[in-house]
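Structural overview
Residue strings, one per chain:
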Amino acid sequence: MQKTTQTKLNSRLASKNKHSRKARNSKNLFSQRRLLNLGMTRGLTKTIQFFERVNLCESVVQVGTVTGFRGIRGDIYVKATTPVWELFSSRDESPGIFDRLAVFFRLENKFFETVVSRAKSGCEGFYFSLEGLNTRTEVVSLRFSEVLIYKDSVPGILISQIESYVGFIVLNIEGKQLGTILEIGGTKHQTYLKTSTTIIPNVSDIVVEVKKDSKTVVVDWSDSW
C-alpha cells in the first residue's frame, strides 16, 4: 500500500515538473518573440562598418542625410535633399519606392551598405527601417552620414530631378545656345529638358555632356527640330 502511494506521488511530481518545464519553455518563447517584435534580439543584427568603395560615387545619387532616429526599433530619419523633397511634394510620390532598395551610407568617404525594409514619410524627409538593424544602438553610428541609392534603382524622373539641371545653359555641339533649362519633365520611362526655345529628349544619344562646374549642358540637338 505504501509502495503504491509512493508511486502515485512520484508520478504526480514528474507530471508537475513536466508541466512546469512546458510553462517555462512557453514563457521563454513568448519573451523571445516579444524581444524580436521590439527589435531587441541580438541574433538578427549586424555590425555597421564603413569601407572604401572604388568608383561607387559614379553609380549612386544622394537622397538625404541621417539627422535623427525614432523609437527603439532602429528607425532612422533621413532629411531629404531639396530636389528630392520638392519632387515628392509636387508629384505626390510614395516613399514606398525605397522599399527593398539597396542603400548606402557615406561617412568620411567610406560606405556602409544595407537594404531598406520599409520607408515612411516624415517632415521634409523619410523614416527608414533597415534590414538587420533592429535597435537604436545599432544605427547610432549612422548619424550625419549621407544616404545614397543606385541611380538605376528608381524611376528616371526622380533621378532627373535629383540631378536637376534647371537653370543650366544648353549649347548644341556646334556651340549655338538653345536657351536655359526651365523644367525637367516626362515619365519614369522617358524624360525631357524644356528650355526657353525647345524641348530636348533626355537620353544619352542627345545629351552629350553635363558640365556642372559651368552649369552647361551640351546636346546634339537643333532648335529647329
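Counting restarts for each chain, with residues numbered from 1 along the sequence as it is written. Side-chain atom pairs in this predicted model are given and counted only at pLDDT of 80 or more, local residue features only at pLDDT of at least 70, and totals for whole chains, interfaces and linings cover all residues. The basis for the side-chain values is all heavy atoms of the structure; hydrogens and waters are excluded.

**Regarding the overall build of the protein chain**
For the purposes of this entry, the term helix denotes a DSSP run of H or I that reaches at least four residues, the term strand denotes a run of E that reaches at least two, and both are numbered from the N terminus. When helices and strands are tallied, the protein chain shows 4 helices and 12 strands. Each residue is placed in one exposure class: buried if its accessible area under a 1.4 Å probe, protein chains only, is under 20% of its type's maximum, exposed if it is over 50%, and partly exposed if it falls in between. Per-residue burial over the protein chain gives 36% buried out of 225 residues. Any pair of residues with heavy atoms lying within 4.5 Å of one another is described as a contacting pair. For the protein chain, long-range pairs separated by at least 24 residues make up 59% of all intrachain contacts whose partners lie at least 6 apart in sequence. Reported accessibility uses the Shrake-Rupley method at a 1.4 Å probe radius. Residues are deemed covered only where the shown protein chains occlude them. Summed over its atoms, the accessible surface of the protein chain is roughly 13900 Å², and 51% of this surface lies on carbon and sulfur atoms.

**As for the nonpolar core**
Judged by nonpolar contacts, the single largest core of 25 residues is most densely connected at I76, F98, F105, F128, L130 and V147. Put simply, the parts of the chain that give this core at least two residues each are β1 (60-70), β2 (75-80), α2 (82-91), β3 (102-107), β4 (110-122), β5 (125-130) and β6 (146-150). When residues of this core are assigned to their parent elements, the largest contribution, 4 residues, is made by β1. Not counting residues up to four positions away in its chain, the partners in contact with L130 are I76, V103, F105, T114, V115, V116, S117 and L142. As used here, the term nonpolar core means buried Ala, Val, Leu, Ile, Met, Phe, Trp, Tyr and Cys residues forming a set that is joined through side-chain atoms within 4.5 Å. One finds Y165, F168, L178 and W221 within the second-largest nonpolar core, a separate group that totals 13 residues.

**Points about the sheet that holds β6**
Pairing between two strands is assigned when DSSP locates at least 2 bridges connecting them. What the 6 strands build is a closed barrel, ordered β1-β2-β5-β4-β3-β6; its pairing is antiparallel. For this sheet, the mean inter-axis angle between neighbouring strands, taken without regard to orientation, is 50°. Bridge analysis of β4 against β5 gives 6 bridges, and the strand direction is antiparallel. In the sheet register, R118 faces β5, and the bridge partner there is S129. Note on definitions: angles span 0 to 180 degrees between N-to-C directions of axes, and those axes are lines fitted to C-alpha atoms, for helices only across the stretch in contact.

**Side note on the packing of aromatic side chains**
The way to describe two aromatic rings as a pair is by their centre distance and the angle between their planes. Working definition: a ring pair exists when centres of Phe, Tyr or Trp rings (six-membered ring for Trp) sit within 6.5 Å. Plane angles under 30 degrees give stacked, over 60 give edge-to-face, the rest tilted. The tally for this structure, following the rule as stated, stands at 7 aromatic pairs. On the numbers, 5.4 Å between centres and 55° between planes, the contact of F98 with F128 is tilted. Here F98 is found in the loop between α2 and β3, whereas its partner F128 is found in strand β5, with 30 residues between them in sequence. The same class applies to F98 and to F128, which are both buried. For a ring to carry a charge above it, either NZ of a lysine or CZ of an arginine must fall within 6 Å of the ring centroid while also lying within 35 degrees of the normal to the ring plane. Positioned over the ring face of Y127 is R70, at 4.0 Å from the centre of the ring. Positioned over the ring face of F144 is R143, at 5.8 Å from the centre of the ring.

**Quick word on the pairing of β2**
In the case of a regular strand, side chains alternate between the two sheet surfaces. Within β2, 5 of the 6 residues are buried, which leaves the element mostly enclosed by the surrounding structure. Bridge analysis of β1 against β2 gives 6 bridges, and the strand direction is antiparallel. Bridge assignment links R70 to a residue of β2, and that residue is D75. Between β1 and β2, which pair antiparallel and follow one another directly, the connecting turn spans 4 residues, one of which, G71, has a positive phi of 70°. In the sheet, β2 pairs with β5 via 4 bridges, with the strands oriented antiparallel. Residue V78 lies in a different strand from β5, and its bridge partner there is F126.

**Some points on the confidence of the model for the protein chain**
Within the protein chain, residue pLDDT values average 78, and 69% of them lie at 70 or more. The least confident element of the protein chain, judged by mean pLDDT, is helix α1 (residues 2-37) at 52; the most confident is β5 at 95. In the model, residues 24-36 has pLDDT below 50 throughout and makes 4 contacts with residues more than four positions away in sequence or in other chains. The low-confidence segment residues 38-43 (pLDDT under 50) makes 11 contacts with residues lying over four places distant or belonging to another chain. Along the chain, pLDDT gives the predictor's confidence residue by residue, from 0 to 100.

**Here we look at the pairing of strand β9 (residues 191-195)**
The two faces of β9 differ: T191, L193 and T195 on one face are buried, but Y192 and K194 on the other face are not. Across 3 bridges, β9 lies against strand β10 (residues 199-201) in antiparallel orientation. Among the inter-strand pairings, Y192 is bridged to a residue of β10, identified as P201. Counted along the chain from β9 to the antiparallel partner β10, the turn is 3 residues long.

**As for the pattern of salt bridges**
Salt bridges, as used here, are contacts in which a Lys or Arg side-chain nitrogen is within 4 Å of a carboxyl oxygen on Asp or Glu. Summed over the entire model, instances satisfying the criterion amount to 5 salt bridges. Residue E124 pairs with K79 through a salt bridge whose shortest N-O separation is 2.5 Å. Of this pair, E124 sits in the loop between β4 and β5 while K79 is found in strand β2, placing the two residues 45 residues apart along the sequence. A salt bridge links R106 to E146; its shortest N-O distance comes to 2.5 Å. Of this pair, R106 sits in strand β3 while E146 sits in strand β6, and the two are 40 residues apart along the sequence. Take R106: its relative accessible area is 19%, and that puts it in the buried class.

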